[in-house]
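Next come the chains, spelled out residue by residue.
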There are 2 protein chains.
Amino acid sequence: MLEFFQLNYLFHQLRTVKSRGTIMDQRHTGLLYKKFVDEYEKHVKNKRNIDMTRGKPSVEQLNLSNDLSKDLDENDYLVGFNDYRNYGIVDGIIEAKQLFAPLLGASINEIMISGNSSLNQMFDMLTLFFLKGVPSVYVPWSQNASIKFLCPSPGYDRHFSICEYFDIKMIPVEMTETGPNMDEIEKLVESDDMIKGIFCVPKYSNPEGITYSDETVHRLASMKTKAADFTIFWDNAYALHHIYDDHDQLENILQVCKDHGNPDRAYIFSSTSKITFAGAGIAMFASSEKNIAEIKKHHSIKTIGPDKINQMRHVKFFKTYDNILKHMEKHSNILRPKFDLVLKMLNEKIDIKVKETVSWRKPNGGYFVSLDVMDGCAAEVIEKALNAGLVLNKAGSTFPYNNDPRDRNIRLAPSFLSLEDLAEAMDILCSCINMVCLGKISK
Amino acid sequence: MLEFFQLNYLFHQLRTVKSRGTIMDQRHTGLLYKKFVDEYEKHVKNKRNIDMTRGKPSVEQLNLSNDLSKDLDENDYLVGFNDYRNYGIVDGIIEAKQLFAPLLGASINEIMISGNSSLNQMFDMLTLFFLKGVPSVYVPWSQNASIKFLCPSPGYDRHFSICEYFDIKMIPVEMTETGPNMDEIEKLVESDDMIKGIFCVPKYSNPEGITYSDETVHRLASMKTKAADFTIFWDNAYALHHIYDDHDQLENILQVCKDHGNPDRAYIFSSTSKITFAGAGIAMFASSEKNIAEIKKHHSIKTIGPDKINQMRHVKFFKTYDNILKHMEKHSNILRPKFDLVLKMLNEKIDIKVKETVSWRKPNGGYFVSLDVMDGCAAEVIEKALNAGLVLNKAGSTFPYNNDPRDRNIRLAPSFLSLEDLAEAMDILCSCINMVCLGKISK
């Protein structure tokens, strides 16, 4: 069935080509297209099962933290008057705060350590804002029919899912090389008091690997917003997640917000999910002292305390912030060859004619390569890849409401796969891109 | 200052007594009262610092689970195709479900294991119900101005705090020896569709140590409720927490709800906080398969998964359900002498005259002794105890809105204190009770 379909498609393409270019061009394109279809057919016949959807650490990376689960002894439980095996300390243990404060650019009084999931913390924060309102404003968002959030796009699909869950209307904002388009943002927030926030992955952004420039951070912190309770959800998931030697630098949003007289605007989230264990790490949160005090009250209603033993495991495992940085070098040593491979294969395997319609970005860190294929081709590339056994994220998933307006973005997640699987995955992907995009070009 | 005040008070009491009883009675009561005041004064002078407020496990109890934090090896992480150090499995690992399903009386498909705090799970469940509604009804509770819950009282203060947080109007329901007054409950839920639920601690209830009778459970499961989305929050925190050999038995609410044609009514919560580590344990939740499927979707939005490594720690530590039961015997061996001491001292130290106005209950399990002093005396007893350095829960805290209508209930939490401290605490408490209640009797 598939072969018959492909053959028909091929003839159709050839007819189309014939009616446009020169005979030589037509013949060349036709043969090339046939070659790509043949390649693709081989992949379909030799169907693999490779999942490239999620930014999960690999087994090798997880092995780096196996000592996290080594014995704790009594001295690790009993600290001062506290027994960390017992209830309490809703904002996390002081040792963990001290260890991770530099990661968030926060002081000890501006940080909370709790739970295992920063996504969960973001969800909880929205729960608080919907039920009670933003600290110091305290008008519950649930009283408004249409709360809106700015969503720099492409962006992180799980931020968008949370927005959908809360019926938050998402306004996509174009991403640039320096972060989201600030001209657009400033105009929007100045005039609409229902725009209550923005979801940012400010460093090595998901999926593009872009780090917000100092100017972008300053403009976000200083801009006039019609909503008094405008909030910045600053998901600094990749704060230390460099891949190449050229490390991006991100301004300290907490400090910059203070400097511009909006000290309570930013809510910073991070976790050790991609530092130690994904799921069995610890999540952290920072904001102004005032916000932290209020949010601590909120947490005191919903729990008697976080898992402090797991916090202590992390403290004992790392001891110093410097050791965390050294640990992250080991991660990047594992990740770098994978990113190298992805970038190399995109460069080498994508046909020169197709390449004019395709673009990607070499990130200095993070977990993804963001690939823009020819407009109108992403969904088809993703579908063809699936037929050949390569699972990619659903078309449009990097955009609010799964709506990629140009149908071109594909997020590549190289971290979890072995180099062998990754090479195969990229082979399939490039083959699909060549076939689909050349088909489109020839139309 | 204090002594002067006490002396004045003594003279006032003596004058009051003189005007009522016989001369002999008066003299006796007067001398007795002076004795109690003297005793109390000694406690005030010798001010201690003993906190008897929370049902926390003691260091000895926590030590029982120290092996929980022993090394995990690679075989414990890698199970089948899963690496438990990585993202995913939002409803918890199968091994933990199998281990704890009997505790909740649930099948594998009726259980979720997540997080470290059952209180947090209850809070999350209310968040879901307020934002989206109860599964299968899906009318968000936030659309109604006055959601009401039934609160058997005395009860658990943190349930009440959560209700207050969500602006849920609490309707206190009297507790009896067989659970909450079911006549009252049936009448209420039949006529008011804003009554959306009930908070229960059905086994060794907090604070009274009462276990709901089979009849109570059947009536809760079968009663007609005007609200289609009426829910039972079944906080089975003390499912295995026996103290004496006479173990209470609790009906399986899930099964009984099914039998009565209300399969989706019950939401069961529990945790290992008082089995292994309080805060670093694991929380569990059970309901109908249909509810679980819906709630899993909700969880999938807010997190990429729970801490599965900590779940595996528990699986490896206990191995079998039978081992959990054996482990609980060790807990009860530590707790029993403490409960014995509390009951003995109440019996011996409270004056015979005062005793007529005071009552308590010997629980077969749980974490508390619930004490009812003479009407109108609890707040004063608690205040006097604080003056002498014994911190008890705030007056009224076992009732919604901190409103104990008879001002008589005091929750005693013996678990955390050493036997020595506990003896001192009970000495102070009984002294306060004798002084305050005799003072009141004599008025």
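Cut-offs applied
Residues numbered from 1 in each chain as written. Chains lettered and ligands numbered in written order. Predicted model: local features only at pLDDT ≥ 70, side-chain atom pairs only at ≥ 80, totals over all residues. Heavy atoms only, no water. Domains from an automatic or database assignment. Buried area = accessible area lost by both parts, 1.4 Å probe. Contact = heavy atoms within 4.5 Å. Salt bridge = Lys/Arg side-chain N within 4 Å of Asp/Glu carboxyl O. Helix = DSSP H or I, 4+ residues; strand = E, 2+ residues; numbered from the N terminus. Nonpolar A, V, L, I, M, F, W, Y, C, P; charged D, E, K, R; others polar. Axes fitted to C-alpha atoms, helices over the stretch in contact; angles between N-to-C directions. Parallel < 35°, antiparallel > 145°, perpendicular 65-115°, else oblique. Least-squares fit on C-alpha atoms with pLDDT ≥ 70 in both. Buried < 20%, exposed > 50% of the residue type's maximum accessible area, 1.4 Å probe, protein only. Arc of directions from axis to C-beta. Polar contact = N/O pair within 3.5 Å; in protein donor to acceptor, adjacent residues only side chain to side chain. Pairing = 2+ DSSP bridges. pLDDT = per-residue confidence, 0-100. Core = buried A, V, L, I, M, F, W, Y, C linked by side-chain atoms within 4.5 Å.

### Digging into the domain arrangement of chain A
Residue and element names in this part refer to chain A. Split into domains, chain A comes out as domain 1 (34-55 + 325-441) and domain 2 (80-320). Look at where the C-alpha atoms of domain 1 and domain 2 centre, and you get two points 30 Å apart. Interface area, domain 1 with domain 2, both sides summed: about 2800 Å², of which 58% is carbon and sulfur. For domain 1, the biggest contributors to the area lost against domain 2 are Arg 361, Asn 364 and Tyr 401; these three give 24% of the whole.

### Some details on the interface of chain B and chain A
With 55 residues of chain B in contact, the opposing surface of chain A contributes 55 residues. Considering only the side of chain B, the residues that lose the most area to chain A are Arg 85, Tyr 87 and Tyr 165 of chain B, jointly responsible for 17% of the buried surface there. Across the chain B-chain A interface, the total number found is zero salt bridges. Within the residue set of the side of chain B that touches chain A, elements represented by two or more residues are helix 3 (59-63), helix 4 (74-77), helix 6 (118-131), helix 7 (157-165), helix 11 (289-302) and helix 12 (308-318) of chain B. Considering every element that reaches the side of chain B that touches chain A, the biggest residue donor is helix 6 of chain B, with seven residues. Split into classes, the residues belonging to the side of chain B that touches chain A amount to 22 nonpolar, 17 polar and 16 charged.

### As for the packing of helix 7 (residues 157-165) of chain A against helix 11 of chain B
Between helix 7 of chain A and helix 11 of chain B, the shortest axis-to-axis distance is 8 Å and the interhelical angle comes to 130 degrees. The orientation of helix 7 of chain A relative to helix 11 of chain B falls into the category oblique. For the pair formed by helix 7 of chain A and helix 11 of chain B, the contact residues are Arg 158, Ser 161, Ile 162 and Tyr 165 of chain A on the first element and His 298, Ser 300 and Ile 301 of chain B on the second. For the contact of helix 7 of chain A with helix 11 of chain B, the per-class residue count stands at three nonpolar, three polar and one charged.

### Things to note about the relation of the copies chain B and chain A
In the superposition of chain B on chain A (RMSD 0.0 Å, axial shift 0.0 Å), the rotation amounts to 180 degrees. As the rotation angle and translation indicate, the two copies are arranged about a two-fold axis. No C-alpha of chain B lies nearer the rotation axis than that of Asp 71 of chain B, which sits 2.7 Å from it. Residue by residue, 100% of the interface of chain B is reproduced at the interface of chain A, so both copies engage with the same surface.

### A few points about helix 9 (residues 214-222) of chain B
All names here are of chain B. Among all positions in helix 9, only Thr 216, Val 217, Leu 220 and Ala 221 are buried. Buried residues along helix 9 cover an arc of 130 degrees about the axis, so they all sit on one side. Those residues of helix 9 that are buried are in contact with strand 7 (179-180), helix 8 (182-191), strand 8 (195-200), strand 9 (231-235) and helix 10 (253-259).

### What to know about the side chain of Ser 442 of chain B
Along the chain, Ser 442 of chain B turns up in helix 16 (residues 419-442). Looking at Ser 442 of chain B, its side chain comes within polar contact range of the main-chain oxygen of Leu 438 of chain B, at 2.5 Å.

### A short note on the sheet that holds strand 11 (residues 283-286) of chain B
All names here are of chain B. Pairing is mixed across the open sheet formed by eight strands, whose spatial order is 4-11-10-9-8-5-6-7. The open sheet has two free edges, formed respectively by strand 4 (111-113) and strand 7, since each of these has just one partner strand. As defined by bridge partners, strand 5 (residues 148-153) adjoins strand 8 across three bridges and the pair is classed as parallel. Within strand 8, the residue paired with Lys 148 across the bridge is Ile 195. Strand contacts of helix 6: strand 5, strand 8, strand 9, strand 10 (266-271) and strand 11, with the helix running at about 150 degrees to strand 10, the strand carrying the most contacts.

### Some points on the confidence of the model for chain A
The predicted structure's coordinates, where accompanied by low pLDDT, should not be read in detail. Overall, the prediction assigns chain A a mean pLDDT of 93, with 95% of residues at 70 or greater. Per the prediction output, this complex has pTM 0.92; the corresponding ipTM is 0.92.

### Quick look at the nonpolar core
Core analysis: the biggest nonpolar cluster contains 173 residues, and Leu 126, Leu 412 and Ile 433 of chain A together with Leu 126, Leu 412 and Ile 433 of chain B have the highest contact counts within it. Excluding residues that lie within four positions of it along the chain, Leu 126 of chain A makes contacts with Trp 141, Phe 149, Ile 162, Phe 166, Ile 168, Phe 199 and Phe 233 of chain A.

### What to know about unusual backbone geometry
Residue Pro 154 of chain A is bonded to the preceding Ser 153 of chain A through a cis peptide linkage, with omega at 0 degrees. By the secondary structure assignment, Pro 154 of chain A is in the loop between strand 5 (148-153) and helix 7. Going from Asn 206 of chain A to Pro 207 of chain A, the amide bond is cis rather than trans, its omega being 10 degrees. Checked against the element boundaries, Pro 207 of chain A lands in the loop between strand 8 (195-200) and helix 9 (214-222). The phi dihedral of Asp 407 of chain A falls on the positive side, at around 45 degrees, and the residue is not glycine. Residue placement: Asp 407 of chain A occurs in the loop between strand 14 (390-391) and strand 15 (409-412). A positive phi angle is found at Ser 136 of chain B, which is not glycine, with a value near 80 degrees.

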